[in-house]
Amino acid sequence: QQRPISRLSDRIVYFSGVFLNQPYELGALGEGKYGYIDQKPLYRLDRFDCLTYVSTVLALANSHSLSTFQEKIRQIQYYDAKVDYFKRYHFISLDWNPQNQHHGFLKDITMDIKNESGWPIYKTARTYINKRAWYEHKTLESLHLIKSYSESQAEQRLALLKKKGKDVRSQTVLSWKW
């Protein structure tokens, strides 16, 4: 019988290795089959994009059971761990990174990295993320509806997405560059 891996860093290395060479799929995850906007799986182990790969590895590394994994993937992907398209961390620098640092899944060490002379090697940049425009440019194809819906039902969902998107505020975020 194999001994369980107990150190978090070892668990991260282990799980990240398990999924190497899996197929790439942009936007591999969604809200699951009962989602209103995006019915791609809530989690999967057969294909990833860069963010879903990291989210899945983090959730697995911080879990010791299926139910804990399901809870962690919700915490890593959604505000208040509530599975809802409008609560998903859609933007890495605005949503995903700060929230996962807040919850202790990540630690930003950017300012700790120094060159041989002891000087920081990063520069900062400000980026304007226009969430309203992002929602406004959504199309029927971006809904990822798995079930059969009439065109009018799909259009109602798209209209709701755009309506809710008008209430979202756009923000400027600080990001690092090397």
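Here the structure is shown first, and the text comes after it.
Procedures and definitions
- Counting restarts for each chain: residues are numbered from 1 in the order of the written sequence.
- The model is predicted, so local features are restricted to residues of pLDDT at least 70 and side-chain atom pairs to those at 80 or more, both for listing and for counting; the totals for chains, interfaces and linings are taken over all residues.
- For side-chain calculations, the full set of non-hydrogen atoms in the structure is used, while hydrogens and water are omitted.
- Numbering of helices and strands starts at the N terminus; helices are DSSP runs of H or I of at least 4 residues and strands are runs of E of at least 2.
- Residue burial is assigned from relative accessible area. The probe radius is 1.4 Å, only protein chains are included, and a residue is buried under 20% of its type maximum, exposed over 50%, and partly exposed in between.
- Should any heavy atoms of two residues lie within 4.5 Å, those residues are considered in contact.
- For the accessible areas, the method is Shrake-Rupley and the probe is 1.4 Å, while residue cover comes only from the protein chains on display.
- By the counting rule applied here, Lys and Arg register as positive and Asp and Glu as negative, while His and the ends of each chain are not counted.
- For this purpose, a charge sits on NZ of Lys, CZ of Arg, CG of Asp or CD of Glu.
- Any carboxyl oxygen of Asp or Glu within 4 Å of a side-chain nitrogen of Lys or Arg constitutes a salt bridge here.
- Here a cavity denotes a set of grid points, spaced 1 Å apart and computed over the protein atoms alone, in which a 1.4 Å probe fits but from which it cannot get out, and a pocket denotes an open set meeting protein on both sides within 12 Å along at least five of seven lines; residues with an atom within 4 Å of a point are reported as lining.
- Grid points are joined across faces, edges and corners, and a volume is the space filled by probe spheres set on the points.
- Gly is placed with the polar residues, together with every amino acid not listed as nonpolar (Ala, Val, Leu, Ile, Met, Phe, Trp, Tyr, Cys and Pro) or charged (Asp, Glu, Lys and Arg).

### A closer look at the overall build of the protein
The secondary structure content of the protein amounts to six helices and two strands. Per-residue burial over the protein gives 34% buried out of 178 residues. Considering only residue pairs separated by 6 or more positions, the protein has 59% of its internal contacts joining residues 24 or more positions apart. A total accessible area of about 11500 Å² is found for the protein, and carbon and sulfur atoms account for 52% of it. Of note, the protein has its 27 positive side-chain charges centred 3 Å away from the centre of its 18 negative side-chain charges.

### What to know about the pattern of salt bridges
The tally for this structure, following the rule as stated, stands at 10 salt bridges. The residue Glu25 makes a salt bridge to Arg44 at a minimum N-O spacing of 3.7 Å. With Glu25 in the loop between helix 1 (8-18) and helix 2 (50-61) and Arg44 in the loop between helix 1 and helix 2, the pair connects residues that are 19 residues apart, well separated along the chain. Where Lys131 meets Asp95, a salt bridge forms, and the shortest distance between an N and an O atom there is 3.3 Å. Residue Lys131 is found in helix 5 (residues 131-136), and its partner Asp95 is found in helix 4 (residues 92-102); the two are separated by 36 residues along the sequence. A single network of salt bridges, built from pairs that share partners, joins Glu25, Lys40, Arg44, Asp46 and Arg47.

### Brief notes about the layout of surface pockets
In this approach, a probe sized like a water molecule rolls over the atoms, and the result shows the empty space that is left. Taken as a whole, the largest pocket spans an internal volume of roughly 470 Å³. Ranked by residue count, the leading element in the lining of the largest pocket is helix 2, at three residues. A class-by-class count of the residues in the lining of the largest pocket yields 10 nonpolar, six polar and four charged.

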